[in-house]
Amino acid sequence: MPELTLEATSAIAVAFATVMTIGFAARQRRWGPGLMMVGILGFLGIISFGIVTRL
């Protein structure tokens, strides 16, 4: 399994943080909490991928 470099991981984390921020700003709309969930799952995916590649 390929490993992510620090630069790639940082870029992906920034993208998911942006999605989460947009979702938080729109939390009163129907799609706002969904975007926050996507951001959280993205961060969990980064962590999971890092763990799985080291097994």
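Look a little higher up for the structure.
In short, a report on the structure.

Reading the values: rules and limits
Residues numbered from 1 in each chain as written. Predicted model: local features only at pLDDT ≥ 70, side-chain atom pairs only at ≥ 80, totals over all residues. Heavy atoms only, no water. Helix = DSSP H or I, 4+ residues; strand = E, 2+ residues; numbered from the N terminus. Expected span 1.5 Å × (residues − 1). Buried < 20%, exposed > 50% of the residue type's maximum accessible area, 1.4 Å probe, protein only. Arc of directions from axis to C-beta. Contact = heavy atoms within 4.5 Å. Phe/Tyr/Trp six-rings, centres within 6.5 Å; stacked < 30°, edge-to-face > 60°. Lys NZ or Arg CZ within 6 Å of the ring centre and 35° of its normal.

### Focus: helix H2 (residues 32-53)
Working step 1: For H2, spanning 22 residues, the distance from its first C-alpha to its last is 32 Å, which sits close to the expected 32 Å at 1.5 Å a residue.
Working step 2: Three or more residues of H2 are buried, namely Gly32, Gly39, Gly42, Ile46 and Thr53. The buried residues of H2 all sit within an arc of 105° when viewed along its axis, so they share a single face. Structural note: H2 exposes Leu41, Ile47 and Ile51 on the side pointing more than 90 degrees away from its buried face.
Working step 3: Contacts from the buried residues of H2 go to helix H1 (6-25).

### Here we look at the environment of proline 33
Working step 1: One can find proline 33 in helix H2.
Working step 2: Separated by eleven residues in sequence, proline 33 and isoleucine 22 have C-alpha atoms that sit 9.7 Å apart.

### What to know about the packing of aromatic side chains
Working step 1: Enumeration over the complete set of coordinates arrives at zero aromatic pairs.
Working step 2: The cationic tip of arginine 27 hangs over the ring face of phenylalanine 24; the distance from NZ or CZ to the ring centre is 4.3 Å.

### Points about the environment of leucine 35
Working step 1: Position of leucine 35 among the secondary structure elements: in helix H2.
Working step 2: Residue class for leucine 35 comes out partly exposed when judged on its relative accessible area of 25%.
Working step 3: Along the primary structure leucine 35 and methionine 20 are separated by 15 residues, whereas in three dimensions their C-alpha atoms are 5.9 Å apart.
Working step 4: Leaving out residues up to four positions away in the same chain, leucine 35 has contacts with Val19, Met20, Ile22 and Gly23.

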